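# Coordinate analysis (summary)
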Amino acid sequence: MKWNKKILGIMLGWSLLAASIGGFVLPARQVKAEDDASTVDSEVHTLEERAVSQIRLTVGDGQTTPQYEAGQEVQLEVKVTNQGSADAQNVRVQPVIENLADWPFETGKWNYEQNLGTIPAGDTGTAVYGADEKLKVRGDVETKTYTLKFQIIYDDGTVEYDPIVKSVYVSTTAAPKPEEEAPKDDVNAGMDMMGDGGVYNSDPIPVGGSSTNGSVPRVIIAGFSTEPGEVNAGSDFKLIIHVKNTSSKTAVSNMVFDIQAPASGTEAAAEAPAFLPASGGSSIYLEKIPAGGTKDISIQLNARADLVQKPYSVEVAMKYEDSDATQYEASSSVAIPIKQAARFEFSELQISPENIQVGEEANITCSIYNTGRTKLYNVKAKFEGTGISAQEVFVGNLESGATGSIDGMLVGESEMMADTKCKMIVSYEDEAGKVSTVEQEFQIEVLAAADEMDNMMMEEIPEQSGMPILPIVIVVIILVAVTVAVIVIRKSRRKKARKEEEDLLDEVDRFIEDE
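Rules used throughout
- Residues numbered from 1 in each chain as written.
- Predicted model: local features only at pLDDT ≥ 70, side-chain atom pairs only at ≥ 80, totals over all residues.
- Heavy atoms only, no water.
- Helix = DSSP H or I, 4+ residues; strand = E, 2+ residues; numbered from the N terminus.
- Buried < 20%, exposed > 50% of the residue type's maximum accessible area, 1.4 Å probe, protein only.
- Contact = heavy atoms within 4.5 Å.
- Areas by Shrake-Rupley, 256 points an atom, 1.4 Å probe, with all protein chains shown as cover.
- Salt bridge = Lys/Arg side-chain N within 4 Å of Asp/Glu carboxyl O.
- Pairing = 2+ DSSP bridges.
- Axes fitted to C-alpha atoms, helices over the stretch in contact; angles between N-to-C directions.
- Phe/Tyr/Trp six-rings, centres within 6.5 Å; stacked < 30°, edge-to-face > 60°.
- Patch = residues over 30% accessible without salt bridge, like charges linked within 9 Å, V, L, I, M, F, W, Y side chains within 5 Å.
- Lys, Arg positive; Asp, Glu negative; His and termini not counted.
- Charge placed at Lys NZ, Arg CZ, Asp CG, Glu CD.
- pLDDT = per-residue confidence, 0-100.
- Core = buried A, V, L, I, M, F, W, Y, C linked by side-chain atoms within 4.5 Å.

## Let's talk about the overall build of the protein chain
The secondary structure content of the protein chain amounts to four helices and 33 strands. In the protein chain, buried positions account for 36% of the 515 residues. When contacts within the protein chain are restricted to residue pairs at least 6 apart in sequence, long-range pairs at least 24 apart make up 70% of them. Accessible area for the protein chain stands at about 29,700 Å²; split by element, carbon and sulfur atoms hold 51% of it.

Spelled out as structure tokens, the structure:
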């Protein structure tokens, strides 16, 4: 036996060395039964640790929480993803039902175990419950989120590993109660829709003690409100719950409320709740509510940023006592509408040409990017300005992450300076049909039409030619005066010369006569 141990030790030493160098794994089933038990356990333990690092199974990746109604026939899909580096073989999935009250489906004759075969590394297998015979949701389910546990068994072709248990979540809506069962003094009993939200109350169940007055005090949620009134995904909000004791005879005391939100979202739906307490825990204590009285409890919550825009159900479990110390349990739920704020961006506005004349057209274009998580409905664009007109442009619906194009024509109506502000107004609707708008400024110059400019120039010419008339007249007058003066002087000179000539002749004649 000692010789066998030495040989086994040498073989295991070389095997482990080879495993560390080349990734070789010695199959556990090749170890002989007569080998030393402690050595075999050690080897198997080492091999299992290595295999675990190579095969890693997760459940629910990429799935959203299913929503079922009481009495509905449905299918339930459980996605198993192998995130390891080795193939998972002989994968089997089966539900773990510890308490029938925690299983929201009727237990008919359907196959509990689903064989998925081999799930290659990086791949996903899906176990479908209700494929042959539909699952029927129990008629007495509550409006709440059920935690369903599933056991997964698998091996790597050689070694079978310890089963793992994973949880998924389903949300159910209880069947509406007949009107006669609802208390006459409470208009909010049962499922009472308040806008997109709502309230549901169940009947109390005695769990301890014995009441002597024969009256069962029913504690319900009479309504709720939030601060702020509209809850946006990714924000903190205060949930205020109005709790009412419907009994007209019995006070209730020592009250404990446990508030739980469903798991939901776009990714890893089975892992994270929709709401988490912003501070503190999820349990609230209330000392007493008198008969017929109403009190408020509140909790500060944070809504996950990736929530889809819709109402989310929050379950409120209640425990309380009556005046005889009889203990009761009840549950209620409220549906809180969550809004996803619309977010989008515009590309730079392109205008061609940048200036036009009255009556001419210019093309204006840009892109709109939906950067939010909610869909935009009936997106439209219109253009406003003192000197322009344009027809409305219909873009249509824009999914989250999609891009739309705005392409319009502007018509020059009247002259407008280049620095005059114009507006592009984009409108859109949310899922409820509420219309919102956003504005984008732009500039364009509108000049006068060509024929109007020609007429203006012709009208300006007389004014410009009329400016030098007076100087011209003065010059003409001066020229005329100078001319007249020259003529008069010349005539005067000629007359004087003629007179002098005549006088000279007279003198000559007299001189001759005297001789």
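Moving on, there is more to tell.
## A look at the environment of Asn 232
Note on placement: Asn 232 falls in strand β15 (residues 231-232). Taking the C-alpha atoms as reference points, Asn 232 and Ala 303, 71 residues apart in sequence, are found 7.4 Å from one another. What Asn 232 contacts, discounting residues up to four positions off in sequence, is Ala 303, Ile 338, Lys 339 and Ala 341.

## Observations regarding the pattern of salt bridges
As enumerated under the stated definition, the model contains five salt bridges in all. A salt bridge links Glu 160 to Arg 92; the nearest nitrogen and oxygen atoms lie 3.9 Å apart. Pair noted here: Glu 160 is in the loop between β9 (144-155) and β10 (164-173) and Arg 92 is in strand β5 (residues 88-96), with a separation of 68 residues, a long-range link. Given a relative accessible area of 48%, Glu 160 falls into the partly exposed group. For Arg 92, a relative accessible area of 22% corresponds to the partly exposed category. Linking Arg 138 and Asp 140 is a salt bridge whose minimum nitrogen-to-oxygen distance equals 2.8 Å. Overall, the relative accessible area of 15% leaves Arg 138 in the buried class. With relative accessibility at 54%, the residue Asp 140 sits in the exposed group.

## What to know about the sheet that holds strand β20 (residues 294-303)
The strand order across the open sheet formed by four strands is β14-β16-β20-β18, and the pairing between neighbours is antiparallel. Two strands lie at the open edges of the sheet, namely β14 (219-227) and β18 (275-277), each paired on one side alone. Each strand axis lies, on average, 40 degrees off the axis of its neighbour in the sheet, ignoring direction.

## A short note on the packing of aromatic side chains
Taken as a whole, this structure holds 11 aromatic pairs when the rule is applied. Between the aromatic rings of Phe 344 and Phe 346, the centroid separation amounts to 5.7 Å while the plane-to-plane angle is 80 degrees, which identifies the pairing as edge-to-face. Both residues of the pair, Phe 344 and Phe 346, count as buried. With a centroid separation of 5.3 Å and an interplanar angle of 80 degrees, the aromatic rings of Phe 344 and Tyr 428 are classed as edge-to-face. Pair noted here: Phe 344 is in strand β23 (residues 344-346) and Tyr 428 is in strand β31 (residues 421-429), with a separation of 84 residues, a long-range link. Since its relative accessible area comes to 18%, Phe 344 is described here as buried.

## Observations concerning a negative patch on the surface
Together, Glu 73, Glu 106, Asp 132 and Glu 133 give the surface a local cluster of negative charge. By the secondary structure assignment, Glu 133 is in the loop between β7 (124-129) and β8 (135-136). Judged by relative accessible area, Glu 133 falls into the partly exposed class, the value being 47%.

## Regarding the environment of Ala 233
Within the element layout of this structure, Ala 233 appears in the loop between β15 and β16 (236-245). On the basis of relative accessible area, Ala 233 is assigned to the buried category, the value being 18%. Through-space distance from the C-alpha of Ala 233 to that of Asp 306 is 6.8 Å; in sequence the pair is 73 residues apart. Residues in contact with Ala 233, not counting those within four places in the same chain, are Ala 303, Arg 304, Ala 305, Leu 307, Ile 338, Lys 339 and Gln 340.

## Digging into the pairing of strand β32 (residues 435-443)
Note: β31 against β32, nine bridges, orientation antiparallel. Bridging across to β32, Tyr 428 finds its partner in Ser 436.

## Considerations on the sheet that holds β7
Read from one edge to the other, the open sheet built from three strands follows the order β1-β4-β7, with strand pairing classed as antiparallel. Each edge of the sheet is formed by a strand with only one pairing partner; in this case those strands are β1 (57-59) and β7. Across the sheet, the axes of successive neighbouring strands diverge by a mean angle of 25 degrees, strand direction being ignored.

## A look at the confidence of the model for the protein chain
When pLDDT is averaged across the protein chain, the result is 76; 69% of the residues are at 70 or more. The low-confidence segment residues 42-53 (pLDDT under 50) makes 15 contacts with residues lying over four places distant or belonging to another chain.

## A short note on the pairing of strand β22 (residues 327-339)
The buried fraction of β22 amounts to 10 of the 13 residues, a majority that puts the element mostly inside the structure. Of the pairings in the sheet, the one linking β15 to β22 comprises two bridges and is parallel in character. Looking at β22, one finds that Val 231 is bridged to Ile 338. Here strand β21 (residues 311-321) runs beside β22; their pairing, made up of 11 bridges, is antiparallel. Paired with Val 316 across the two strands is Ser 332, which belongs to β22. In sequence, β21 turns back onto β22 through a hairpin of five residues, with Ala 325 there showing a positive phi of about 65 degrees.

## Some remarks on the nonpolar core
In this structure, Leu 239, Phe 257, Phe 275, Ile 336 and Ile 338 are the most contacted members of the largest nonpolar core, which totals 34 residues. Taken together, the elements giving at least two residues each to this core come down to β14, β16, β17 (252-260), β19 (283-289), β20, β21 and β22. The residues touching Phe 275, leaving out its near neighbours within four places in the chain, are Phe 237, Ala 261, Leu 301, Asn 302, Ala 303, Leu 307, Tyr 312, Val 314, Ile 336 and Ile 338. Core analysis: the second largest hydrophobic core is formed by 30 residues, Tyr 68, Leu 135, Ile 152 and Val 159 among them.

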